[in-house]
Amino acid sequence: MKVIELHKSITASNEKDADALRMQMKFQGTLLINLMSSPGSGKTTLLSSTIQMLEKIKIAVLEADIESAVDAERIEQLGAVAVQVHTDGMCHMDAGMTKTGIDAMKGHDIDLAFLENVGNLICPAEYDTGAGKNVMILSVTEGDDKPLKYPLMFEKSDALVISKIDALPYFDFDLETCIKRVKRLNPNIKIFPLSAKTKEGMKEWLNWLREETGEWKVRR
């Protein structure tokens, strides 16, 4: 596992660099998914289950954290390629920073790469990472009012995973209301209510990943 220390934003021309990185990933045939959420939403748990259940697709994970390599070590133990990026206090990844991590994965012939972005619901939505798809995770434990409080991230995402649905009986979370709020912001978003713990709903999520990964390679 490689660990990269970033002490400043790599680029001042993020939009241009994001487009260039998407072209690079298209040429490589690797779909990059930018995974965004608040801390504790279950990103690493979802990734762990995805790696274990998604057969015949080679997966890599770029872990972005202010400090620590705990999540990357956990991912690597499951057999996926893992690169740890320390952002030195920065609350997001941009395209230049993402490219630095992606370049560290060269030689592994990756089909699907996840960027596990820094955990918060504001900054990551404001910066294009160069990903082919943006996915947000919202856990049942966070409440169904988050689309009202943080609309930009829902608007920017291609898909929403509503995680920890096994906890629905214990929290005041109205799934139908939440979905309606999200759809008002982003009518085309794909929504996957699931539990990475019990595996309920995982089939639909995995099917979507297979389809998107396959289409990304075909459109090269």
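Residues numbered from 1 in each chain as written. Predicted model: local features only at pLDDT ≥ 70, side-chain atom pairs only at ≥ 80, totals over all residues. Heavy atoms only, no water.

Draft legend 1. Representation of the overall build of the chain. On a plain count of helices and strands, the chain comes out with eight helices and eight strands. By the burial criterion, 54% of the 220 residues in the chain qualify as buried. The long-range fraction of contacts in the chain, counting pairs at least 24 apart against all pairs at least 6 apart in sequence, stands at 76%. Counting every atom, the chain has about 10300 Å² of accessible surface; 51% of that belongs to carbon and sulfur. (Helix = DSSP H or I, 4+ residues; strand = E, 2+ residues; numbered from the N terminus. Buried < 20%, exposed > 50% of the residue type's maximum accessible area, 1.4 Å probe, protein only. Contact = heavy atoms within 4.5 Å. Areas by Shrake-Rupley, 256 points an atom, 1.4 Å probe, with all protein chains shown as cover.)

Draft legend 2. Molecular detail of the packing of helix 2 (residues 43-53) against helix 8 (residues 202-218). Where helix 2 contacts helix 8, the two axes come as close as 11 Å, and the packing angle between them is 70 degrees. Taken as axis vectors, helix 2 and helix 8 run roughly perpendicular relative to one another. Side by side, helix 2 and helix 8 meet where Leu46, Ser49, Thr50 and Met53 of the first sit next to Met202, Trp205, Leu206, Leu209 and Arg210 of the second. (Axes fitted to C-alpha atoms, helices over the stretch in contact; angles between N-to-C directions. Parallel < 35°, antiparallel > 145°, perpendicular 65-115°, else oblique.)

Draft legend 3. The arrangement of the pattern of salt bridges in detail. Under the definition given, this model contains nine salt bridges. Residue Lys146 pairs with Asp145 through a salt bridge whose shortest N-O separation is 3.5 Å. With a relative accessible area of 14%, Lys146 lands in the buried category. Of the residues examined, Asp145 reaches a relative accessible area of 24% and is grouped as partly exposed. Between Asp145 and Lys149 there is a salt bridge whose closest N-O contact spans 3.1 Å. A residue is classified by how much of its surface remains accessible, and Lys149, at 52% relative accessible area, is exposed. (Salt bridge = Lys/Arg side-chain N within 4 Å of Asp/Glu carboxyl O.)

Draft legend 4. Looking closely at the nonpolar core. Within the largest apolar cluster, 47 residues are counted, with the highest numbers of intra-cluster contacts made by Leu112, Phe114, Trp205 and Leu209. If you tally residues by element for this core, the top one is helix 8, at six residues. Trp205 has contacts with Leu46, Thr50, Phe114, Val135, Val161, Phe192 and Leu194, leaving out every residue within four places of it along the chain. Formed by 16 residues, the second largest nonpolar core is a distinct cluster that contains Met136, Cys178, Val182 and Ile191. (Core = buried A, V, L, I, M, F, W, Y, C linked by side-chain atoms within 4.5 Å.)

Draft legend 5. Broad picture of the environment of Ala20. Position of Ala20 relative to the elements: it lies in helix 1 (residues 14-28). When the C-alpha positions of Ala20 and Lys99 are compared, they lie 9.6 Å apart, and in sequence the two are 79 residues distant.

Draft legend 6. Focus on the packing of aromatic side chains. For the structure shown, the criterion picks out three aromatic pairs. Plain terms: the ring middles of Phe192 and Trp205 are 5.9 Å apart, the flat faces sit at 70 degrees to each other, and that makes the pair edge-to-face. One end of the pair, Phe192, is in strand 8 (residues 190-193); the other, Trp205, is in helix 8, and 13 residues separate them in sequence. No difference in accessibility class separates Phe192 from Trp205, as the two residues are buried. Between the aromatic rings of Phe192 and Trp208, the centroid separation amounts to 5.7 Å while the plane-to-plane angle is 50 degrees, which identifies the pairing as tilted. Placement of Phe192 in strand 8 and of Trp208 in helix 8 is noted, with a sequence separation of 16 residues between them. For the residue pair Phe192 and Trp208, the accessibility class agrees, reading buried in each case. The ring of Trp216 has Lys26 lying over it, and the distance from NZ or CZ to the ring centre is 3.6 Å. (Phe/Tyr/Trp six-rings, centres within 6.5 Å; stacked < 30°, edge-to-face > 60°. Lys NZ or Arg CZ within 6 Å of the ring centre and 35° of its normal.)

Draft legend 7. Fine view of the environment of Gly79. Along the polypeptide, Gly79 turns up in the loop between helix 3 (70-77) and strand 4 (81-86). Counting along the chain gives 27 residues from Gly79 to Gln52, while the straight-line C-alpha distance between them is 8.8 Å.

Draft legend 8. Structural view of the pairing of strand 4. Across the six residues of strand 4, six count as buried, placing the element largely inside the fold. Here strand 4 shows a buried face lined by Val81, Val83 and Val85 and a second buried face lined by Ala82, Gln84 and His86.

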